[in-house]
Amino acid sequence: MSERVLIPIVVGNKVLSEGSDGVGQSIDPATGQVVAEFARAGAAEVDMAVAAAREAFDNGPWRRMRPFERGRILHRIGELMLQKRDEIARKESMDSGKPLRDSYWEVDCSARFFEFYGGACDKLHGASIPLGPDWSDWTVKEPIGVSLHIIPWNYPFQLIARGVAPALAAGCAVIIKPSADTPVTAYEFVKICQEAGLPDGLVNLVNGRGSVAGDLLAKHKGVDQITFTGSVPTGERVLVAAASHAIPCNMELGGKSPQILFADADLDKSLPIIAGGFLTHCGQVCNAGTRLFVERSIHDDVVDRLHARIKAMNLGAGVDDPDMGPLIGKAQKADVERYFEIARKDGELLLGADVPTSPELANGAFVRPALVVGASNDTQIAREEIFGPVLTVIPFDTAEEAVAGANDSPFGLVAGIHTSNINKALGVGEKLRVGQVWINSFGVGLDVEFPFGGYKLSGFGREKGLEALGAYQQIKNIAIHHPLG
Ligand code: NAD
């Protein structure tokens, strides 16, 4: 680290360069070098952040403004993100390791959230409900209050925008708790909100350890709602904390998503999509498509083609925009290498374990992508979320068998179907127990307009689209009895 970069805690209009839980370091996963240090919040700063958010929500100007005025500020936040996209993307690639093009996507997608929900601010209608003569009845959508956003390390900037934009649009105040592995761009986010004219205290930043600051925030009686994105075990702890004061949660958890490839698909189009589905950000994506169900007649050809494709990939630091960057850190690398051993036990591992040895990658958390063949859907390698670039390829003979395999998982986040037969596409899509089905695709790019969320252990509640707003609203019903005589 050439000069000391310190990421502070931000509560209301105060920038705190020290926290009562000491100082943390964020590491560039490509080089092992320190990118930044950050102040770690303890009980005192958590209390200050909640007090600032409460004050902004209970007494601040946000709820007194007209909805279109709030919308203009949200639009301005999106504009500033696009103006600063180079700076934010470079910082994101150094902090999280992801290739630069993926960091640009994060910034662009974050700006889209602010455009989308900025436009929604003055359209948060209630309903008029007929009760018969002498009665009028209607509902009003009110902001839920102080909303806590607990963020993982894989999409540190975009996942803040995904939750905070609808929360602000609904009229809430928010507290952001970034991952201790990637605190850098959260501060850029908060500075942009301030520059855009967002009133003080509406967005507060609490850096720190999950087990300290995260836990204290989730239990805090001044918090009214939690949006958690992260792993299942942490999500369970957050749910217990939320239950201790009976507040609602959005839970965006893990996945082991299936991709189903029929023999009638156009392989030249499908295989790049399937590869992108498990390789993006080195496989560290909640909705990574890491189980490939492939019709038996094309199994060997598909394995050969995918193998050739991943073998040719170049690895490097995110800022150099390689085919694939590193994992988030050495602990994650050790975890993925443990799964290489499990893959060998459950089936045959192709590539993967051939960990890169070139000197420029020696200090980074690099692994090669891997294919696992010959492992059935009930093996450990096919059931657990790895969060690394590992695809398990499983043959099937009938569409029914593919559906049964795809659904036989503790998770249910997304699924992909590749076929040129419309009946198979729709028939299979209808039967999958997941929150999103992609047909001949696996994402549209800046997809903010439609809902996203999981079935089963992938969580509950919906992010994105107009559906996300519901998490940040209370519905009040008002009835008037008005007999004439
Ligand atoms: P994690 O569960 O380890 O941490 C997530 C966040 O929780 C971090 O900010 C962490 O500091 C905080 N935390 C840790 N302990 C806490 C506690 N006791 N109380 C409150 N907060 C606490 O997850 P991760 O390793 O950062 O991210 C990877 C996981 O996130 C994967 O399982 C992935 O599938 C999931 N994820 C899901 C989605 C989705 O939308 N469904 C998106 C991205 C990532």
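Residues numbered from 1 in each chain as written. Predicted model: local features only at pLDDT ≥ 70, side-chain atom pairs only at ≥ 80, totals over all residues. Heavy atoms only, no water.

**With respect to the site of the ligand**
Lining the immediate environment of the ligand, one finds 29 residues, of which Ile 151, Arg 162, Ser 231, Leu 253 and Glu 385 sit closest. In the environment of the ligand, an oxygen atom lies 3.4 Å from a nitrogen or oxygen atom belonging to the backbone of Gly 230. Residues of the shell around the ligand, tallied by class, amount to 13 nonpolar, ten polar and six charged. A domain-level breakdown of the shell around the ligand finds at least three residues from each of domain 1 (6-253 + 461-476) and domain 2 (258-447). (Near = heavy atom within 4 Å. Polar contact = N/O pair within 3.5 Å; in protein donor to acceptor, adjacent residues only side chain to side chain. Nonpolar A, V, L, I, M, F, W, Y, C, P; charged D, E, K, R; others polar. Domains from an automatic or database assignment.)

**Observations concerning the sheet that holds strand E14 (residues 348-351)**
Pairing is mixed in the open sheet, where seven strands are placed in the order E14-E15-E16-E13-E12-E18-E19. Edge strands, defined here as strands with exactly one partner in the open sheet, are E14 and strand E19 (436-439). Mean inter-strand twist for the sheet, computed between neighbouring axes without regard to direction, equals 20 degrees. In this sheet, E19 lies alongside strand E18 (residues 414-418) in parallel orientation, the contact comprising four bridges. Bridge pairing in E19 links Val 414 to Gln 436. (Pairing = 2+ DSSP bridges. Helix = DSSP H or I, 4+ residues; strand = E, 2+ residues; numbered from the N terminus. Axes fitted to C-alpha atoms, helices over the stretch in contact; angles between N-to-C directions.)

**Here's the deal with the domain arrangement of the protein chain**
According to the domain assignment, the protein chain contains domain 1 (6-253 + 461-476) and domain 2 (258-447). Between domain 1 and domain 2, the C-alpha centre-to-centre distance is 31 Å. Across the domain 1/domain 2 interface, buried area totals approximately 2200 Å², and carbon plus sulfur atoms make up 59% of it. The largest per-residue losses of area from domain 1 upon contact with domain 2 belong to Pro 29, Ala 30 and Trp 153, which jointly make up 24% of the total buried on that side. Our count for the contact surface shared by domain 1 and domain 2 stands at two salt bridges. Of the charged contacts in the structure, one is a salt bridge between Arg 101 and Asp 321, with a shortest N-O distance of 2.8 Å. Taken together, the connections running from domain 1 to domain 2 amount to ten residue pairs in polar contact (both at pLDDT 80 or more). Where the side of domain 1 that touches domain 2 is concerned, the elements lending two or more residues are helix H3 (85-96) and helix H4 (100-120). (Buried area = accessible area lost by both parts, 1.4 Å probe. Salt bridge = Lys/Arg side-chain N within 4 Å of Asp/Glu carboxyl O.)

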